[in-house]
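So the chains spell out like this:
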Amino acid sequence: MVYEYLVGLAVSDDAVYTQYRAAMKPILSQYHGGFGYDFIVSEVLKSETSALINRVFTIHFPSKEASERFFSDEDYLKVKARYFDSSVTHTTIISEYDKQL
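The name that an unreviewed UniProt entry assigns to the protein chain is DUF1330 domain-containing protein, with the source organism given as Pseudoalteromonas rubra.

*Asks:* I'd love a proper account of the pattern of salt bridges, names of residues and values included.
*Replies:* Any two side chains of opposite charge can pair, given that their charged atoms come close. Under the counting rule described, the total for this entry stands at six salt bridges. For the salt bridge of Arg-55 with Asp-38, the shortest nitrogen-to-oxygen distance reads 2.8 Å. One end of the pair, Arg-55, is in strand E3 (residues 55–61); the other, Asp-38, is in strand E2 (residues 34–40), with 17 residues separating them in the sequence. Owing to a relative accessible area of 14%, Arg-55 belongs among the buried residues under this scheme. The partner of Lys-64 in a salt bridge is Glu-96, and the shortest N-O contact between them spans 3.5 Å. With Lys-64 in helix H2 (residues 64–71) and Glu-96 in strand E4 (residues 88–99), the pair connects residues that are 32 residues apart, well separated along the chain. Overlapping salt bridges bring together Arg-21, Asp-38 and Arg-55 as one network.

*Asks:* Quick rundown of the packing of aromatic side chains? Include the residues and the values.
*Replies:* Inspection of the entire model under this criterion finds 14 aromatic pairs. Residues Phe-70 and Phe-71 carry aromatic rings whose centres are separated by 4.9 Å and whose planes lie at 70° to one another, so their mutual orientation is edge-to-face. Since its relative accessible area comes to 0%, Phe-70 is described here as buried. By way of ring pairs, the aromatic residues Tyr-3, Tyr-5, Tyr-17, Tyr-20, Tyr-31, Phe-61, Phe-70, Phe-71, Tyr-76 and Phe-84 are connected into one cluster. Over the ring of Phe-35 we find Arg-21; its NZ or CZ atom is 3.8 Å from the centre of that ring. The ring of Phe-57 has Arg-21 sitting right over it, with the charged end atom 4.8 Å from the ring centre.

*Asks:* Can you lay out the sheet that holds strand E1 (residues 2–11) for me, pointing to particular residues and giving the numbers?
*Replies:* Across the sheet, which stays open at both edges, the four strands sit in the order E2-E3-E1-E4 with antiparallel pairing between neighbours. Bordering the open sheet on either side are E2 and E4, each of which pairs with just one other strand. Along the sheet, successive strands turn relative to each other by an average axial angle of 15°, direction set aside. Direction of pairing for E1 relative to E3: antiparallel, over a ladder of seven bridges. The partner of Tyr-3 across the bridge, within E3, is Phe-61.

Conventions used here
- Residues numbered from 1 in each chain as written.
- Predicted model: local features only at pLDDT ≥ 70, side-chain atom pairs only at ≥ 80, totals over all residues.
- Heavy atoms only, no water.
- Salt bridge = Lys/Arg side-chain N within 4 Å of Asp/Glu carboxyl O.
- Helix = DSSP H or I, 4+ residues; strand = E, 2+ residues; numbered from the N terminus.
- Buried < 20%, exposed > 50% of the residue type's maximum accessible area, 1.4 Å probe, protein only.
- Phe/Tyr/Trp six-rings, centres within 6.5 Å; stacked < 30°, edge-to-face > 60°.
- Lys NZ or Arg CZ within 6 Å of the ring centre and 35° of its normal.
- Pairing = 2+ DSSP bridges.
- Axes fitted to C-alpha atoms, helices over the stretch in contact; angles between N-to-C directions.

Here you go:
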């Protein structure tokens, strides 16, 4: 079993967001996390938020606790501040759940 998030983003700068992904992946690996699905969305037909969503992905960890440690990791927060904050205008956590493998 893994703990997984289904996330929608409003990416405003694809080039900087790509740098974010490259910089955060080694840190994500330290927490045994990874991405499952990753989509660039051209049209949203129904949404529970008024925020734009143009990217949808899943990110998983061995446990919720591992995800919390990752998202509060000092090195991750530096990468997030440098790349994510300037390339993403909105984040929507669509769902989070335990997933059977």
